[in-house]
Every structure is written in C-alpha cells, then in structure tokens.
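Here is how the chains run, residue by residue.
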Protein chains: 2
Amino acid sequence: MINWKNLDELSSFKELESAERVCLPEVMAGEGGAERVKKYCAPMAEGLAYNYAAKSVDDSILASLAKLADEAQLLDKFAALYNGEVVNTGEKRLVLHQLCRGQLGDDVIADGVNKRDFYVKQQTRIAAFAKKVHDGEITNAAGEKFTTVVQIGIGGSDLGPRAIYIALENWARKNNALKMNAAFISNVDPDDAAGVLNSIDVPHSLFVLVSKSGTTLETLTNESFVKNALQEAGLDPAKHMVAVTSETSPLAKNEGYLDAFYMDDYIGGRYSSSSAVGGAVLSLAFGPEVFADFLAGAAETDKLSKEKDLLKNAAMLDALIGVYERNILGFENTAVLPYSQALSRFPAHLQQLDMESNGKSVNRFGEPVDYKTGPIIFGEPGTNGQHSFYQLLHQGKDIVPMQFIGFRNSQIGTDVDIQGSTSQQKLCANVAAQIVAFASGKDDENLNKKFDGGRPSSIIIGDKLTPRTLGALLAHFENKVMFQGFAWNVNSFDQEGVQLGKVLAKKVLAHDTDGALAVYSDLLNI
Amino acid sequence: MINWKNLDELSSFKELESAERVCLPEVMAGEGGAERVKKYCAPMAEGLAYNYAAKSVDDSILASLAKLADEAQLLDKFAALYNGEVVNTGEKRLVLHQLCRGQLGDDVIADGVNKRDFYVKQQTRIAAFAKKVHDGEITNAAGEKFTTVVQIGIGGSDLGPRAIYIALENWARKNNALKMNAAFISNVDPDDAAGVLNSIDVPHSLFVLVSKSGTTLETLTNESFVKNALQEAGLDPAKHMVAVTSETSPLAKNEGYLDAFYMDDYIGGRYSSSSAVGGAVLSLAFGPEVFADFLAGAAETDKLSKEKDLLKNAAMLDALIGVYERNILGFENTAVLPYSQALSRFPAHLQQLDMESNGKSVNRFGEPVDYKTGPIIFGEPGTNGQHSFYQLLHQGKDIVPMQFIGFRNSQIGTDVDIQGSTSQQKLCANVAAQIVAFASGKDDENLNKKFDGGRPSSIIIGDKLTPRTLGALLAHFENKVMFQGFAWNVNSFDQEGVQLGKVLAKKVLAHDTDGALAVYSDLLNI
C-alpha cells in the first residue's frame, strides 16, 4: 500500500533538516579526500559511474537519505509505475516510457493490448521501413535514394531526438553508421523552416512529422511550410513524409504519408526519445541497430534503478542528493556540464526533462506544497563554459550545484599531442581540476583572487560516448527526475503550466483581445 | 569626482527596500494595463523599443531608480570609462570596447596611440583583406577562392561571433551578402575540431586563429589540430590562416599566418565582438559593409546610453530594474527568451557577458559585498521554450524574471498562412500571450490549472533582425551589464574566478597532484 505523502511529512526529512552540514573543503582535503573520491562512487549501467565525492554529503546524511527513500516508498512507486498503475493522476494516464526499452515487471495491458508488444511492434515496423529506405526500396518519385531525414516536431519531439543525433553524429561517421544526415525543424518562426530547407537537399529528403495528438500548432504549421516547398519543387509531399503520432490522431492511417508509426498517451513528450518519436528519425539516420543499442543501454539503467541499496542505485541517489541540495541547502539551480562537445545539446534536453516534469507548485492531489520542487537547469559543454559563465559559479554570490559528465576517450579518436598531452587528456584534466577547485577553493590575501570552495558537484564518468552509454545516461536522468517527483509528491508527468499561453495566443490570433494583450498585439503588428 | 560606493550605502537603495511592492496582476488588468503597456516603453537605437510594462515597477519605484542612477553616478562612471580612465582596476586597464564602434567623449590615448584610430585602422585592414579574399586576390595555393571561414577561439572569441553569425546567416543568404560560410572550433575536446574538419571543405577553408595573449591552451591546441589536418591534406598551413591577437603576442608579425589583425588589453574577451575578434570572421563571412552596419547599430545604442533621463535610457533602465529584481525582490535568475530562431545562440553569449562580468562577490576594491550581484542567465528561443522549461517558469516555486525579444517581421520573408494567420503572426501572438500569462495569471478551482501570475518580464520589440538592429541589441546588453556592475560596485571587466581551474588543470597534466585530485585524474585515465 503506497502512501503519497508530502516531503515535509516524512520524519527522515526532519532528520535531514537538523543534520550537521558537511564542510566540503575539509572533507575533500588530503588523504581523507582521496579516500572519499574512491568510496563515494556508485556503479551505473554500461560501465558508467556516478561519483558524488564532491557533494555535500557524508555517511550520516546518506543514511538519512536511505531512510527517506524507504519512507517515501520510492521503489514501490517506481514499481507501481512500471506495473501499469495510473501514476499520471492529473491526466489519468499510465507512464510507460521505460516499457519501450524493456519490461521491468508485470505485463501491462491497456487499450486492450499488451503495451510492451505494441512498442516492440513499432520498433520492428520502423526498423523494416528504415532498412527499405537505406536499401533504396523506398525512394523519391525519381527512384533516387533519400539522403537526409528531417524531423518536424517541437518540445519533446525535438529536443531529445536532436540532442541524441548530435551526440552520435561523429560516432556514427567514424563507425560507418551514418546512413542519412538529419536536420530538425521545430520553431513556428518561419525562418526556422526556411533556413533548414535552404540548407538541405529537398528532393532527397524524407520528413518525419511528429505530433502525438496530430494537432500541435507549430508542427502542423511547419508541415504546411514543408509541403509548400515540396510542391514548389515539383515534388509530391505524400512521397516525402512519414508520421509519428497516436493511433487515434488525424495523422494516422492517412494517405498524405508514406507510413505512420505509433506512440500513445502513456509516453510523455519529454520522455519520448525511446519511443517511435526518437526511433523513426534515429533509425533512419543511424540504422535500427544503433537505436536498438541506445534502448539496450537505457534498459540496463532501468534495471539498476530497481536496486534496493541506495548506494548502488545511482539514479535514486542522484535524485535524493538533489532533494537535499534543493530543500535543505536551499540551492535553486543545477548546472549540467558535459565535457564532451557531442553532448552540446544534452543540457537543453535535460532542461526540458527536469523543469517540465518537476517545475510544479502543487502535489499530485492538487494541493499547494510548502517546499521547493524542481530546480532550474542550464548548462553548456566544458571546456567552453570555463571561458564563459564559470566565473559566477566560482565566485558569484549564489551556490550552483553542478553535474559534470566526462569520458576517458573521444568518439573520433583523432587527436594531437601538444606540450606532452593530448586534447582528450587536457579535456579530462580540466574537468578533474574544476571539481576540486569548486569543492576545495583556495585562499588568497587578495579577496578578488580567493575561492571559498564549498561548491558541490558530481561527475558521471564513462569510457566513451556510444549509443549504449548515451542510452544509459539518458535513462539515468529520466529516472532521477522520476524519483525526485516521487519525493516531492508532485505529478512529474503532466504540464498544465503550458496551457494558459496557448489559450491566450489563440485569442490574439482571433483578434479577441482587450487591455494589455491588445496593446502588445498592436505593438507586434499582429 | 566619482565616489565608488557599495549599493547598500545609497539612500535611494534604502528607499527602494521600503517602497511598496507592485502587484502585477492588478496593474496589468483592464484599461489600466493597456495604458501601462503604451506608457512603459523606452526608445532604443535602430527603431527597437524596450517595453517594461510587465515588470514589477511603478512610477514611484522608477523615481527611486532614477535617484539611484544619480546617486550611484552611473553616467559619470560611464563617462570615465569612455574617456579612458582605468575602470578595470583589478587588471589596471582601460575599457574600450565601445570605442571600436564610435567615440563618445575625449580622445583616448594609450600605448602612445589614439585608440580610436587604432581600432578603425584594424577595421580598414580587415575590410581590405576580406575584399581580396572575396575577389579572389588572396586564394589557396592552387589559386582557388576560399569558400569557408573557420574561427578558432574559445569564450569571448567564440560565443559572440558565433551568435552573431547564426543571427545573420539567413538574413545574409536572403540579401546576397553571404560571401563565405562560417564554422567555429572552440572546445579542447578533440571531437570538436575533428567534427568540424569532417564537415567542411578544408582545401577551400581559411582559418582565423583568435587569442589575445596568443597563449590560450584550447586555441593553440586546436590550431595544431588544424595545422596537422592541413598538412595531411598536402596544404601549407601558413597559406590558410590569419591571426587575431594583440600586437605583443607571439602570433603577431609571425610568418605562420597570411596576416594578423590586432586587438588590445582594453577589449575584454566577452566584449570583443566589436573588435577584430568579431570583425575578421564576420567581414569574411558577410563582407565588411555588413560588419560596419553592425557597428553602426551598436554605436547608436552607445550614444543613447549617455542619456540623462532614465526613462529614455533603455540600457540603464533595464539595468536598474534588474538590480531591483535581484536585490529587493530577491530573484536569482534571468531567462533570455528571443522569439527568433536566428537568435538561438544569443542567450549563450549573454550568459557569458553577464555572468562573467558580474558574477562576483567582492567590490572593485576587493572587499566582500553583503548583497547579491549578477544573476544566472539562461535561455532558449521561443516558441521552443514554451514546449520545454516554461512549465517551471509558469508554475514553479521560484520566480524567474524574463527578457523577451521579438520582431514584427521574419528575416527570410517566406511564410505560410494556416488557419488565417502566418507563422510570423503565430510567433508574435505567442510572445504577446506569454507576457500576459506570466504577469496576470489565471484563477482556477483546480489548483493544478491555476496560474498565480506576478511573474515579471520585459520585451524588446523590433521591426526585423538586421546587422544594425543586432548591433543595437548587443550593445544594449553590454551597456546594461556595465551599468549593473557600476551599481553593484564590482569590477565587471576582470575574471579572476577562472584562474584556479587553469592552475589545477596544469598540475594534473604535469602529474603533480595528490589527494582527491590525483584520484579523479586516475578515474579519468589522465
């Protein structure tokens, strides 16, 4: 029996409130610091590791967090989710993105079908379609192979697939797995679609239209934009487009598309990279085997996320350290800092994943909560960020917890030795140095050159960014966000906060406004 | 006589602390709200306007902010800066980025030369060089025209020029001003350089190496990376590279480059887009006339920033409203949300500009300050963000002030009419709707669907994003950050916070580590 309690009702939370704080510069110093870095490390899937030595925790706080995990029944709630309970209570929906990559518990039957079978069937259909495109069995009207795939979607239909494509593009080129180039059209700004169409080979492009409901304003508008361009080029849009949508949407079984692949209401947009939303574009770009590897990595993480020992469950541990930082230490932000250019858009995806899931002020019963919920997420790749906003992270007035990500090896493997070290070694040396600089600081008589330290970070370390490790990484953050939502007792799977803007935008376009909104509309010449 | 006082020593600041707060949903309602949107609008350069109706201010608070501007002597400090005083006290340097685009006061003589003449001379030299490249007078060894320009730089040598290039690429293509494609290599991650080199036509590429000191680790490493690639392709690196650096750096007057263009110590990296750092790559990509237009727009903003009437000085007003939000209302972040896909990397540039300038904890005399300084800056283009992190902005536990940017017209002009409106109208309708949704909110019995409102934003509105309006926009934010730095009494022009990481990274690469750092180095296989 699950009790959905607010965080501040838990006795372990009160215990944490009164627990002694950790002084990071002290615990990270000397041999004790070295031992700590060795010890405070949790295994992750695919050989990744979550090292939290530079977080403001100690054995006592970790023990309280383990109590909190029990008291908040985090694993029971996860089990309820993967066994098919209606965890998204606001929208009265199941939450099944993990089921796209593996079955963790009972058979889940919904809408009269076994949902695991449904997701696997879509993967199989997509794989067969992609093979035909790659083999030249499905071509443009002139019988020529498609060379480019263009995703048309916004939000979850854009950020995740785009971040994954960018993360694997160089890896795929190196490993002869780049079957098609991918491009993305998302914004309703007409310059987005026009700019992308100017930069691609339209007659050899296959467009993937992604909208669960089949009614997303931006996406349908961009579809029309693209169809116009195809027609102006003398091409038949129906021969250049596939749809990813729900079976009940107007885009399903529609002669305007070469084919349609299905998702359902149990996959939230921001969790949809593992579904047909990611599957179609990524299988076309890299081949279905690569997408299968990505899912396999994610499935490994999902299994580990069932682990009862908090210290061996990296996603749950990461989640609870985040709760401790947000609700006890009072930090408002988290910076995501991958030392990997390939992950340049991964922070933007996590920004959606986290902020849209847990940026809430009411609990799952619609009652206001008296504690902070999801943090603000931002980030850029290192070392670039070091030459940008790190100044504030080191010496600003507010403390920003950091999530570093680093890999021992580059994806392409081409490197150069300068002053006795490779670029990859320089990259890794920088992330190691930053962790210690932030945690330990450095004294100086000139206060402008003094570093207080005490700025907490964790790092996820891997051997190389591959489809499997990327899948494992993504699932780690998805599950972290899920566990945090459970701890905060919010519904991480709806997004009512996006509705009001949509309603008002429609009024503006209908010229049904008065007051301030009418004047803004005038100023913008609408 | 200028008094460099801390913010909390000013009587106007105490006045603001005790001033009555503005209730945004109230003041934005009805006809009063309409009047407010018309009235709370400050002119900017190049036809832009700064509308702050949805900020939590009223006439009384604005009057106090005007007092603060006087008491903090913001305009006197700006005058000291442009007249050539040593405003960057930490590094004992003048601050002259505005002088690259126009002279606002006295002749500035430093290093024995008139600095305005020096900057203009570099612009002229760059223009002549770019013309020769475009006209085929400077070619590769095979006598073929260069088609691509690649900037090698990091931080300020990357973010600003890259954001500007992306902002104007579609505009240039539409207006036959795209002379060369541009690419950028920044990260020491070897996959960055390798990935860019894989995607460009190396034999027809001209590389611009940008490092003021000529010693930036990432940039020199990437230079070697590129030189290797050129040599492997049988090309002579000296025929494919120019340098942008200071006259005293090892890159100056060096036979390894086709030519060198100069900046100096009075141009901070994050303010260097107006100098040769932006000038070389942008003049090569778009032609020197386009870069001149960009500078002209910025110069117009600079002139307006001298305006004594706070309500007519948009940069100073924006700055002081930000101080009010940070120090009186207690907000920690600012989201920059351009409704323009072309400005997709503009928030990343502003993130550096703002956080590296004002993310400080000591005043210009090196004494700790007891108040908050620069905020955390993040952002993505709208409407994309609406389908991502806006959930938290609307319904999260923390209030995040927002800076919207919108244009009445698209750059390319290709558009599509769906359901009675164009994409551009939909884009503008959305930003108008968001401002009102954030400010006014909406009640609902279901608290999950309730919007509290009271979430402040401003919007900069323009007719179209062009080189001139972009210059005006960039200078607005540069001057805003400068005025805020004056108000907070910090030195906005140094960045001592980046030093410790550099020192520790060198130790790691020299294997001169112990304790925690040594273990991290092992974990990362350095």
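Residues numbered from 1 in each chain as written. Chains lettered and ligands numbered in written order. Predicted model: local features only at pLDDT ≥ 70, side-chain atom pairs only at ≥ 80, totals over all residues.

**Details of the overall build of chain A**
In terms of regular secondary structure, chain A is built from 18 helices and 15 strands. By the compact-globule yardstick of 24 Å for 526 residues, chain A fits well, its C-alpha radius of gyration being 24 Å. Projected onto its principal axes, the C-alpha positions of chain A cover 70 × 60 × 55 Å. Looking at chain A residue by residue over its 526 residues, the buried ones come to 63%. The long-range share in chain A, meaning contacts at least 24 apart out of those at least 6 apart in sequence, stands at 74%. (Helix = DSSP H or I, 4+ residues; strand = E, 2+ residues; numbered from the N terminus. Rg over C-alpha atoms; globule rule 2.2 N^0.38 Å. Buried ≥ 20, exposed ≤ 12 C-beta atoms within 10 Å, placed from the backbone. Contact = placed C-beta atoms within 7 Å.)

**Regarding the relation of the copies chain B and chain A**
Note on the copies: chain B fits chain A at an RMSD of 0.0 Å, the axial shift is 0.0 Å, and the rotation between them is 180°. The relationship between the two copies is best expressed as a two-fold rotation axis. Across chain B, the smallest distance between a C-alpha and the rotation axis is recorded for F378(B), namely 3.2 Å. A share of 100% of the interface residues of chain B reappears at the interface of chain A, consistent with the copies meeting face to face through the same patch. (Least-squares fit on C-alpha atoms with pLDDT ≥ 70 in both.)

**Let's talk about the interface of chain B and chain A**
At the interface, 127 residues of chain B touch 127 residues of chain A. The element that contributes the greatest number of residues to the side of chain B that touches chain A is helix α15 (residues 423-440) of chain B, accounting for 14 residues. The residue inventory of the side of chain B that touches chain A, partitioned by class, reads 54 nonpolar, 51 polar and 22 charged. (Nonpolar A, V, L, I, M, F, W, Y, C, P; charged D, E, K, R; others polar.)

**Some thoughts on the sheet that holds strand β9 (residues 260-263) of chain B**
Residue and element names in this part refer to chain B. The five strands lie next to each other as β6-β5-β7-β8-β9, forming an open sheet whose pairing is parallel. Edge positions in the sheet fall to β6 (181-185) and β9, since each has one partner strand and no second. Direction aside, the axes of adjacent strands within the sheet are offset by 20° on average. As paired elements, strand β5 (residues 148-152) and strand β7 (residues 205-210) share five bridges and run parallel to each other. Within β7, the position partnered with V150 by the bridge is F207. (Pairing = 2+ DSSP bridges. Axes fitted to C-alpha atoms, helices over the stretch in contact; angles between N-to-C directions.)

**Side note on unusual backbone geometry**
Residues G382(A) and T383(A) are joined by a peptide bond in cis, for which omega reads 5°. Inspection of the secondary structure puts T383(A) in the loop between β11 (376-378) and α14 (390-395). With a phi close to 65°, N489(A) is a non-glycine residue in the positive phi region. Assignment of secondary structure puts N489(A) in the loop between α16 (467-488) and α17 (499-509). Residue classification places N489(A) among the buried residues on the basis of 25 C-beta atoms within 10 Å. The phi torsion at K253(B) lies on the positive side, around 45°, for a residue other than glycine. Its place among the elements puts K253(B) in the loop between β8 (241-246) and β9. For K253(B), a count of 11 C-beta atoms within 10 Å puts it in the exposed group.

**Focus on the domain arrangement of chain A**
Once the domains are mapped, chain A shows domain 1 (17-95 + 306-489), domain 2 (115-293) and domain 3 (498-526). Here the C-alpha centre of domain 3 of chain A lies 40 Å away from the C-alpha centre of domain 1 of chain A. (Domains from an automatic or database assignment.)

**Examining the pairing of strand β5 (residues 148-152) of chain A**
Where burial is concerned, most of β5(A) is hidden: four out of the five residues are buried. Taken together, β5(A), helix α7 (residues 159-174) of chain A and strand β6 (residues 181-185) of chain A form a β-α-β motif whose crossover is right-handed. (Right-handed = clockwise from strand over helix to strand, strands pointing away.)

**Describing the environment of G453(B)**
Residues and elements named next belong to chain B. As for its position among the elements, G453 is in the loop between α15 and β15 (457-462). According to the C-beta neighbour criterion, G453 is buried, with 23 such atoms within 10 Å. In contact with G453, other than residues within four places in its own chain, are L24, P25, F438, A439, S440 and G441.

**Structural notes on the nonpolar core**
In terms of nonpolar packing, the biggest core is built from 360 residues, with V208(A), L320(A), A432(A), V208(B), L320(B), A432(B) and V436(B) touching the most fellow members. Once residues within four sequence positions are removed from consideration, L320(A) is found in contact with L65(A), L68(A), A69(A) and A487(A). (Core = buried A, V, L, I, M, F, W, Y, C linked by C-beta atoms within 7 Å.)

**Things to note about the pairing of β6(A)**
Residues and elements named next belong to chain A. Buried residues dominate β6, accounting for four of its five residues. Of the strand pairs in this sheet, β5 and β6 are connected by five bridges, and their pairing is parallel. Across the sheet, the residue bridging to T148 is N181, located in β6.

**Observations regarding helix α18 (residues 515-523) of chain B**
Of all the nine residues making up α18(B), seven are buried; the element is thus mostly covered by neighbouring parts of the structure. Within α18(B), burial applies to A516(B), L517(B), A518(B), V519(B), Y520(B), S521(B) and L523(B). Contact partners of the buried residues in α18(B): α3 (30-39), β2 (49-51), α15 (423-440) and β15 (457-462) of chain A together with α17 (499-509) of chain B. Positioned one or two residues after α18(B), N525(B) has a phi angle of 60°, which is positive.

**Description of the sheet that holds strand β1 (residues 41-43) of chain A**
Residues and elements named next belong to chain A. Pairing is mixed across the open sheet formed by six strands, whose spatial order is β1-β2-β15-β12-β10-β11. Because the sheet does not close on itself, it has two edges, and the strands there are β1 and β11. The mean angle between the axes of side-by-side strands here comes to 20°, regardless of whether they run parallel or antiparallel. Here three bridges tie β1 to β2, and the two strands are oriented antiparallel to one another. Within β2, the position partnered with A42 by the bridge is Y50.

**A short note on the packing of α15(A) against α18(B)**
Here α15(A) crosses α18(B) at 150°, and the two axes come no closer than 9 Å. Classified by the angle between their axes, α15(A) and α18(B) sit roughly antiparallel to one another. Note on packing geometry: the crossing formed by α15(A) with α18(B) is right-handed. Between α15(A), through A432(A), I435(A) and V436(A), and α18(B), the contact on the second element is made entirely by A516(B), L517(B), Y520(B) and S521(B). (Parallel < 35°, antiparallel > 145°, perpendicular 65-115°, else oblique. Left-handed = near helix turned anticlockwise from the far one by under 90°.)

**Describing helix α10 (residues 276-286) of chain B**
When you tally the buried positions in α10(B), you get eleven out of eleven residues, the bulk of the element. Phi for G287(B), located one or two positions after α10(B), is positive at around 95°.

**Comments concerning the packing of helix α4 (residues 59-71) of chain A against helix α12 (residues 314-328) of chain A**
Residue and element names in this part refer to chain A. The geometry of α4 relative to α12 is characterised by a closest axis approach of 10 Å and an angle of 105° between their N-to-C directions. Here α4 lies roughly perpendicular to α12, going by the angle between them. Mapping the contact onto sequence places I61, L65, L68 and A69 in α4 and M316, L320 and Y324 in α12. Looking at the contact of α4 with α12 residue by residue, the classes come out as seven nonpolar, no polar and no charged.

**A word on the confidence of the model for chain A**
Keep in mind that low pLDDT regions are not for reading the predicted coordinates in detail. On average, residues of chain A score 97 in pLDDT, and 100% of them reach the 70 mark or higher. For this predicted complex, the interface confidence score (ipTM) comes to 0.98, while the overall pTM stands at 0.98. (pLDDT = per-residue confidence, 0-100.)

**Let's talk about the environment of G90(A)**
Its location among the elements puts G90(A) in the loop between α5 (74-82) and β3 (109-110). Here the alpha-carbon distance between G90(A) and G214(A), two residues 124 residues apart in the chain, equals 21 Å. If sequence neighbours within four positions are ignored, G90(A) has contacts with N491(A), D494(A), E496(A) and N448(B).

**Looking at the environment of L235(B)**
Residues and elements named next belong to chain B. Mapping L235 onto the fold places it in the loop between α9 (217-232) and β8. Looking at L235, the number of C-beta atoms within 10 Å reads 18, which means it is partly exposed. Between the alpha carbons of L235 and A141 there is a distance of 7.7 Å; along the sequence they are 94 residues apart. Excluding its chain neighbours within four sequence positions, the residues that come into contact with L235 are A141, P203, L230 and H240.

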